[in-house]
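Working through the structure, step by step
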Amino acid sequence: MTPASTGASTRVDAVASVPSAPPPAVETRMSPGGPGYRRMSLALFLAGVATFALLYSTQALLPLVSSDLAVSASDASWTVSAATGGLALFVLPMSALSERFGRRTVMTVSLAVAVTLGLLVPFAPSLGALVALRALQGAALAGLPASATAYLAEEVTPRALVTAIGLFVAGNSVGGMSGRVITGWVAQEWGWRAAVGVIGLVAVACAVAFRLLLPAPRHFKAGSLAPRVLAGTVRRHVGNPLLRRLFAIGALFMTVFGGVYTVIGYRLTEEPFSLPQGVAGSVFLVYLVGTVSASAAGRLVGRLGRRGALYAGGATTAAGLLLSLADTLPLVLLGLVLITAGFFAGHAVASSAVGRTATEGRAQAAALYQSAYYIGSSAGSAVGALAFHAGGWSGTVAVGLVAVTGVAAITLAGTRAAARAGEVAPV
């Protein structure tokens with residue numbers, strides 16, 4: 001007999017038949033103010049410090065390396081180009097290892113090998129041996145940039161990703177600044193070999209702190225090391241027009257930066273400035289501006305959008321290049337401030353856009369960006385030194401302006417492509 005026929009209420013049955021709402025999803029990724037975020041930020045900040053301090057440890061010392069080993073500026077510049085070139089060549093294989101064995105593991109091993117080589121660099125007996133050690137050091141460091149970006153893309157909430165990557169890039173700027181300032185003053189008293197030895201010890205401390213602080217990944221899923229799988233992932237990334245534009249933008253920004261900072265030491269220690277090595281090295285304190293601009297990249301994107309932020313970074317860099325042509329030291333320093341601010345802001349915006357664009361194979365996407373980025377650094381160091389040898393500082397500036405023009409042209413091409421498609425695209 002039905003409830004209706006007996007006069008019984010059907011209310012309980014109706015309520016019972018309604019499925020209960022699923023519990024709200026709990027966000028387990030890190031965000032500012034949440035558990036583990038500060039430890040993660042500090043760990044990757046220190047990894048960034050160690051990476052740039054080691055990678056560019058000889059850059060501020062090139063005049064002393066030239067004098068000690070009796071080589072030209074363009075020959076000495078290979079101690080920088082070899083390190084960045086080694087990183088560019090090995091970043092993709094290292095990213096594949098991180099897909100299989102984990103981001104934290106690869107970053108830890110990479111730092112351990114790099115700091116060990118850093119302690120051997122001061123004992124290089126010749127330019128050839130020095131360049132070889134620096135190439136190996138760059139190859140070891142290749143496990144850091146792409147793995148760090150992939151770690152952040154997996155472990156940090158999307159809204160906080162630009163800020164988190166900006167902090168890692170800020171660590172790069174602090175490492176670049178402190179490495180150059182420390183080496184400048186140490187080298188003035190005890191020579192370039194002692195200076196790079198001190199940087200090696202600083203990097204050891206950063207590596208130990210990094211491993212102790214970095215939280216274990218919670219969202220990593222091991223991928224395949226099969227060459228066919230890796231090749232397919234790379235092919236899809238290279239076939240993505242947006243990612244191709246971001247790779248090119250990273251390379252061009254770094255071409256400017258690599259060229260300027262490879263030869264600025266020669267310009268400041270020669271006429272009309274004739275600064276002592278320690279004072280010339282202290283000029284790299286302007287890297288602190290990069291720390292600020294990289295950390296503020298998220299806010300810049302919020303105000304201007306990604307394309308607007310890239311235009312702003314390129315325009316700031318170009319203005320700095322033009323100001324640096326002056327023969328007045330304050331104007332040269334202001335030019336370096338603008339170059340540094342524009343570069344680090346542009347790099348943080350482009351690298352974070354790669355992390356958000358790639359929906360699979362993030363480590364490979366980040367690796368391709370880093371490969372392009374450090375190819376730009378190697379090219380900038382080599383071409384910037386050759387241009388300086390041929391035409392002085394104005395030659396180096398001309399190379400930089402061509403690269404910045406390329407950034408603007410690529411960003412504009414992305415804007416037009418998005419307009420044709422009726423979409424809003426990052427670049």
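See the structure above.
This report concerns the structure included in the present document. This structure is a prediction, so every number in the text was calculated from the model and none was measured.

What about the overall build of the protein?
Helix and strand counts for the protein stand at 19 helices and 0 strands. Taking 2.2 N^0.38 as the reference for a compact globule, 427 residues should give roughly 22 Å; the C-alpha atoms of the protein span a radius of gyration of 24 Å, in line with that estimate. Considering only C-alpha atoms, the protein reaches an extent of 105 × 45 × 40 Å along its principal axes. Each of the 427 residues in the protein was classed as buried or not, and the buried ones make up 55%. Of the accessible surface of the protein, which amounts to about 17300 Å², a share of 67% is contributed by carbon and sulfur atoms. Each charge sign in the protein was given a centre, from 28 positive and 13 negative side chains, and these centres are 11 Å apart.

Quick look at the side chain of S324
With respect to the element layout, S324 can be found in the loop between α16 (297-323) and α17 (329-357). Side-chain polar atoms of S324 contact the backbone oxygen of L321, separated by 2.7 Å.

Comments concerning the pattern of salt bridges
Evaluation of the coordinates by the stated rule reveals 3 salt bridges. Of the charged contacts, one joins R193 and D68 as a salt bridge, the two residues approaching to 3.7 Å between their closest N and O atoms. Placement of R193 in helix α11 (residues 192-213) and of D68 in helix α4 (residues 62-69) is noted, with a sequence separation of 125 residues between them. You can call R193 partly exposed: its relative accessible area is 27%. The shortest N-O distance in the salt bridge between D327 and R267 comes to 3.3 Å. Within this pair, whereas D327 is found in the loop between α16 and α17, its partner R267 is found in helix α13 (residues 241-269), the two being separated by 60 residues in sequence. With relative accessibility at 56%, the residue D327 sits in the exposed group.

Examining the packing of aromatic side chains
Here the structure, examined in full by the defined rule, presents 9 aromatic pairs. Judged by centre distance (4.8 Å) and plane angle (70°), the ring pair of F343 and F344 falls under edge-to-face. Between the aromatic rings of Y373 and Y374, the centroid separation amounts to 4.7 Å while the plane-to-plane angle is 85°, which identifies the pairing as edge-to-face. Comparing Y373 with Y374, the two get one shared label, buried. Taken together, the ring pairs connect F257, Y261, F343, F344, Y369, Y373 and Y374 into an aromatic cluster.

What counts and what doesn't
- Residues numbered from 1 in each chain as written.
- Predicted model: local features only at pLDDT ≥ 70, side-chain atom pairs only at ≥ 80, totals over all residues.
- Heavy atoms only, no water.
- Helix = DSSP H or I, 4+ residues; strand = E, 2+ residues; numbered from the N terminus.
- Rg over C-alpha atoms; globule rule 2.2 N^0.38 Å.
- Buried < 20%, exposed > 50% of the residue type's maximum accessible area, 1.4 Å probe, protein only.
- Areas by Shrake-Rupley, 256 points an atom, 1.4 Å probe, with all protein chains shown as cover.
- Lys, Arg positive; Asp, Glu negative; His and termini not counted.
- Charge placed at Lys NZ, Arg CZ, Asp CG, Glu CD.
- Polar contact = N/O pair within 3.5 Å; in protein donor to acceptor, adjacent residues only side chain to side chain.
- Salt bridge = Lys/Arg side-chain N within 4 Å of Asp/Glu carboxyl O.
- Phe/Tyr/Trp six-rings, centres within 6.5 Å; stacked < 30°, edge-to-face > 60°.

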